[in-house]
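Below, each chain spelled out in residue letters.
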Amino acid sequence: MSNHLSNRITNMSTSATLAMAAKARELRNSGKDIIGLSLGEPDFNIPDFIKDAAKQAIDDNYSSYSPVDGYADLKQSIANKFKRDNNLTYGLNQIVVSTGAKQSLANIAMCMLNKGDEVILPAPYWVSYSDIVKLAEGTPVEVPTSIDTDFKMTPAQLEAAITPNTKMMWFSSPCNPSGSVYSKEELEGLAEVLKKHPNIYVVSDEIYEHINFRGGHVSIAGIDGMYNRTITVNGVSKAFAMTGWRIGYIGAPESIAKACTKFQGQNTSGANAIAQRATIAALDAPVSKIQFMIDEFHKRRDLILELLGEIEGFKLNVPEGAFYVFPDISDFFGKTLNGTTINTASDFSMYLLENANVATVTGEAFGNPNCIRISYAAAEKELREAVSRIKAVL
Ligand code: PMP
Ligand code: GLU
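This is a predicted model, so every value here is computed, not measured.

### A look at the site of ligand 2
Piece 1. Every residue near ligand 2 is listed here: S15, T17, L18, L39, G40, K102, W126, N176, K238, Y324 and R373.
Piece 2. Here K238 contributes a side-chain N or O atom positioned 3.3 Å from a nitrogen atom of ligand 2.
Piece 3. In this structure, R373 approaches ligand 2 through a side-chain N or O atom, which is 2.8 Å from an oxygen atom.
Piece 4. When isolated, ligand 2 has an accessible area of 290 Å², and the protein chains bury 88% of it.
Piece 5. Spatially, ligand 2 is embedded in the largest pocket.
Piece 6. Classifying every residue of the shell around ligand 2 gives 4 nonpolar, 4 polar and 3 charged.

In structure tokens, the structure reads:
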């Protein structure tokens, strides 16, 4: 039979985070006692005041298509949030609500990239950036960083990666998967380089902004000279534990917001109406309402670092945000454990799944072949059990 699928989809990688989560689910269904630390998903329930707003929206018959770019009052709440939390001023014509930050990112790629445009991705980067860029016929340019610089890109590295074809740079802070948080000074350093290259745009993915243990989240759009060339991406999946409700949004120069709306109008027609109404309640609430989740992640971060720190061969940075640790496990390469030779981070992650029944994600999916990602968005008991199993099989 001839190949009936497009080259586009044939050449695309499957999301490694979602694939590992599916594998863990499958093994669990077959009776195995799997601890899933692969998916970046808060394990809290959605706060009641947000659920109540969704129930109210159903009763109020929010059942029709919303405006493609989102309800105006939701966009006002987003504008208020940008002002309150980030000191950024975005008009409603600069805001687009989408089906998750993932769609926001896909919209940007489809609206801004032409074939061959280069997108700088400081590695490790979030798993989907590279394939989203490729789907839009852009060329990802990975800039490898290491644990020695806390997995952050330096201005000199950025400068060296820029070519006449560079169109954009995409990054997340706090970073998925490394948990690294860029300081104001570090962002100013990158902005200084970009000043010399006025045609390069920045996608600043700030979906973990509240899950920041050092405090003081900084948006690169607020740095001198960056506002008109930055697309600030955010969403409610992480801060409000609303992953399945699928709401993300951008603040961007008006022409880009307009293009994303046009594109979305031919794709999804806009985000889910009920979830949009609930998002108003989420964003209007003071951050103090979700502080308990942030405090809990902080405690778990300390716990997992302490526990993993006891395993010989794990090199760890101290993640200052998000809910992942990204240990460098390259010390194990070339070793044989219980009859399995470990040559890559994928081998290591698979070994943990098959022998310790613990699901993690290989760093290769995030552009770093020496590390694995462990999500600590799980109960303390599970984290303790997972690390003790890992220790036992190593
Ligand atoms: N960016 C980063 C850095 C993420 O970790 C995620 C994970 N969900 C997303 C974007 C996409 O989030 P959403 O659920 O809003 O699509
Ligand atoms: N962003 C989460 C993660 O990195 C959720 C999975 C996904 O959307 O890929 O695990």
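### Description of helix 10 (residues 273–284)
Piece 1. Spanning 12 residues, helix 10 covers 17 Å between terminal C-alpha atoms, matching the ideal 16 Å at 1.5 Å per step.
Piece 2. Along helix 10, the positions that sit buried rather than exposed are A273, A275, Q276, R277, A278, T279, I280, A282 and L283.
Piece 3. For helix 10, the secondary structure elements touched by its buried residues are helix 3 (48–59), helix 4 (72–86), strand 2 (95–98) and strand 8 (248–251).
Piece 4. Of the residues flanking the start of helix 10, the one acting as N-cap is N272, its side-chain oxygen 2.9 Å from the backbone nitrogen of I274.

### Observations regarding a nonpolar patch on the surface
Piece 1. Together, L5, I9, M12 and L135 make up a nonpolar patch on the protein surface, roughly 320 Å² of accessible area in all.
Piece 2. When you line up the elements, L135 lands in helix 6 (residues 127–135).
Piece 3. Exposure remark for L135: the relative accessible area of 36% places this residue in the partly exposed category.

Quick notes on the rules
Residues numbered from 1 in each chain as written. Chains lettered and ligands numbered in written order. Predicted model: local features only at pLDDT ≥ 70, side-chain atom pairs only at ≥ 80, totals over all residues. Heavy atoms only, no water. Near = heavy atom within 4 Å. Polar contact = N/O pair within 3.5 Å; in protein donor to acceptor, adjacent residues only side chain to side chain. Areas by Shrake-Rupley, 256 points an atom, 1.4 Å probe, with all protein chains shown as cover. 1 Å grid on protein atoms, 1.4 Å probe; cavity = no way out; pocket = protein on both sides within 12 Å on 5 of 7 lines; lining within 4 Å. Sits in = over half its atoms within 2 Å of the grid points. Nonpolar A, V, L, I, M, F, W, Y, C, P; charged D, E, K, R; others polar. Helix = DSSP H or I, 4+ residues; strand = E, 2+ residues; numbered from the N terminus. Expected span 1.5 Å × (residues − 1). Buried < 20%, exposed > 50% of the residue type's maximum accessible area, 1.4 Å probe, protein only. Contact = heavy atoms within 4.5 Å. Patch = residues over 30% accessible without salt bridge, like charges linked within 9 Å, V, L, I, M, F, W, Y side chains within 5 Å. Salt bridge = Lys/Arg side-chain N within 4 Å of Asp/Glu carboxyl O.

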